[in-house]
Amino acid sequence: MLADHKGEVWFCQAPRDKPIKGIAKIKSDGSIQEYGEMDGFQSRILVADEGGRKELYFAGIGEKNFLYAYNRQDDSFINVSLPFPFEVSRNFEVHDLAVDNRGLVWMGTTDGLLRYDTERIQRIPLGPFTTYEVRSVCAMPDGSLWLATDTNGLLHLDQALNYVLFDEASGTPSKIAAYRSLLVDGQNMLWEGTAEGAVHSTIDNPNPVPPYSRVE
């Protein structure tokens, strides 16, 4: 679910065995509006996020239909998925989505962390974790990112794309993360959901304490 700046709540669901293509929203008057194939969707949607410029993106399942942008003027959706310049798995899926203050779209996927800037899509090099599943991604106010991997703990990524690994030795209850479970609250504290419960940072805007080195 996502509450946008207009107070409307977007949500996606799968109540039946047959996947639903599209998304729905609860409007400010309480009524529900559904969007499907006639509105531009060609795949099941799993997650939505709104950027600092009030742009809305939606992501889900499928190698050719994984990312959509909302056209407010026409109240419709544009498939902005680009061809991958690298190989991805047959069952490619965007697990989580974060739009940062610069308008960059970050996607935690079955095939690593991807970045979309309207003109190209890249897979971010993360050493041994480059192609590992990323279950959740959270964009911080300072431009850094936190990533939750499937079974390898948390990664912090700064604006220069340097990364640091955090695991149980760093205070997390488990290295196994839940899907779409990272968020930053109103006090800029980072929260994570794991297989052994939820945890939050002890300080706001958490960053690695220098000196630190890139994980290889």
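These numbers were taken from a predicted model, which means no experiment stands behind them.

**Points about the overall build of the protein**
And step 1. Along its length, the protein carries 0 helices and 19 strands.
And step 2. Taken over C-alpha atoms, the radius of gyration comes to 17 Å for the protein, in line with the 17 Å a tight globule of 216 residues would show.
And step 3. Each principal axis of the C-alpha distribution contributes one length, and for the protein these read about 50 × 40 × 35 Å.
And step 4. Restricting to contacts in the protein with at least 6 residues of sequence separation, those with at least 24 account for 41%.
And step 5. Carbon and sulfur atoms form 48% of the exposed surface of the protein, whose accessible area is close to 11,000 Å².
And step 6. The positive charge centre, built from 20 side chains, and the negative charge centre, built from 31, are 5 Å apart in the protein.

**Points about the packing of aromatic side chains**
And step 1. Here the structure, examined in full by the defined rule, presents 17 aromatic pairs.
And step 2. With 5.0 Å between their ring centres and 75 degrees between their planes, Y35 and F77 make a pair best called edge-to-face. One end of the pair, Y35, is in strand 4 (residues 32–35); the other, F77, is in strand 8 (residues 76–79), and 42 residues separate them in sequence. Each member of the pair Y35 and F77 is classed as buried.
And step 3. Ring centres of F41 and F58 lie 6.5 Å apart, and the angle between their planes is 85 degrees; on these two criteria the pair is classed as edge-to-face. Taken as a pair, F41 in the loop between strand 4 and strand 5 (45–50) and F58 in strand 6 (residues 56–60) lie far apart in primary sequence, 17 residues in all.
And step 4. Cluster of aromatic residues (ring-pair linked, three or more members): W10, Y35, F41, F58, Y68, Y70 and F77.
And step 5. Geometry around Y179 places R135 over its ring, the cationic atom sitting 4.4 Å from the centre.

**A closer look at the sheet that holds strand 17 (residues 183–184)**
And step 1. The strand order across the open sheet built from 3 strands is 17-18-19, with neighbouring strands paired in antiparallel fashion. Either end of the sheet is taken by a strand with one partner, and the two such strands are strand 17 and strand 19 (197–200).
And step 2. Bridging between strand 18 (residues 190–194) and strand 19 involves 4 bridges; their strand directions are antiparallel. When the bridges of strand 19 are listed, G193 appears paired with A198.

**Things to note about the side chain of D96**
And step 1. For D96, the position within the fold is in strand 9 (residues 94–99).
And step 2. Although D96 is buried, it makes no salt bridge; R180 carries the closest opposite charge, 5.8 Å away.
And step 3. A distance of 2.8 Å separates a polar atom in the side chain of D96 from a polar atom in the side chain of S136.
And step 4. A polar side-chain atom of D96 sits 3.0 Å from the main-chain amide nitrogen of V137.

**Here we look at the environment of L82**
And step 1. Structurally, L82 can be placed in the loop between strand 8 and strand 9.
And step 2. The exposure class of L82 is partly exposed, given its relative accessible area of 24%.
And step 3. In sequence terms L82 and K64 are 18 residues apart; their C-alpha atoms lie 7.3 Å from each other.
And step 4. L82 has contacts with F66, Y116, E119, R120 and I121, leaving out every residue within four places of it along the chain.

**Structural notes on the nonpolar core**
And step 1. Counting residues in hydrophobic clusters, the biggest one holds 19 residues, and the most contacted among them are Y57, F66, L67, F84, L97, V105 and M107.
And step 2. For this core, the elements supplying multiple residues, two or more each, are strand 6, strand 7 (67–71), strand 9, strand 10 (105–109) and strand 11 (112–116).
And step 3. The element best represented in this core is strand 9, accounting for 3 residues.
And step 4. Setting aside anything within four residues of it in sequence, one finds L67 in contact with Y57, F58, A59, I78, N79, V80, S81, L97, V105, M107 and Y116.
And step 5. Grouped together as the second largest cluster of nonpolar side chains are 16 residues, A98, L113, A139 and L145 included.

Conventions adopted
- Within each chain, residue numbers correspond to sequence positions counted from 1 in written order.
- For a predicted model such as this one, the threshold for reporting local features is a pLDDT of at least 70, and the threshold for listing and counting side-chain atom pairs is 80 or more; totals across whole chains, interfaces and linings nevertheless cover every residue.
- Remark: hydrogens and water are excluded; side-chain values derive from all non-hydrogen atoms of the structure.
- Numbering of helices and strands starts at the N terminus; helices are DSSP runs of H or I of at least 4 residues and strands are runs of E of at least 2.
- Every radius of gyration here is taken over C-alpha atoms, with the globule rule written as 2.2 Å times N^0.38, N being the number of residues.
- A contact between two residues is defined here by any heavy atoms of the two lying within 4.5 Å.
- To measure how exposed things are, a 1.4 Å probe is used in the Shrake-Rupley method; for residues, cover is taken only from the protein chains shown.
- Under the counting rule used here, the positive set is Lys and Arg, the negative set is Asp and Glu, and His together with the chain ends is not counted.
- To locate a charge, the coordinates of NZ of Lys, CZ of Arg, CG of Asp or CD of Glu are taken.
- Planes of paired rings set the category: under 30 degrees apart is stacked, over 60 is edge-to-face and the rest tilted, where pairs are Phe, Tyr or Trp rings (Trp by its six-membered ring) whose centres lie within 6.5 Å.
- Burial classes: relative accessible area under 20% of the type maximum marks a residue as buried, over 50% as exposed, and values in between as partly exposed (1.4 Å probe, protein chains only).
- Charge-over-ring placement is defined geometrically: NZ (Lys) or CZ (Arg) within 6 Å of the ring centre, and within 35 degrees of the ring normal.
- Each pair of strands is called paired provided DSSP finds at least two bridges between the two strands.
- In what follows, salt bridge is the name for a side-chain nitrogen of Lys or Arg lying within 4 Å of a carboxyl oxygen of Asp or Glu.
- Under this definition, polar contacts are N or O atom pairs within 3.5 Å; protein pairs additionally need one hydrogen-donor-capable and one acceptor-capable atom, and for neighbouring residues in sequence, both atoms have to be side-chain atoms.
- Nonpolar core, defined: a set of buried Ala, Val, Leu, Ile, Met, Phe, Trp, Tyr and Cys residues in which side-chain atoms within 4.5 Å join the residues together.

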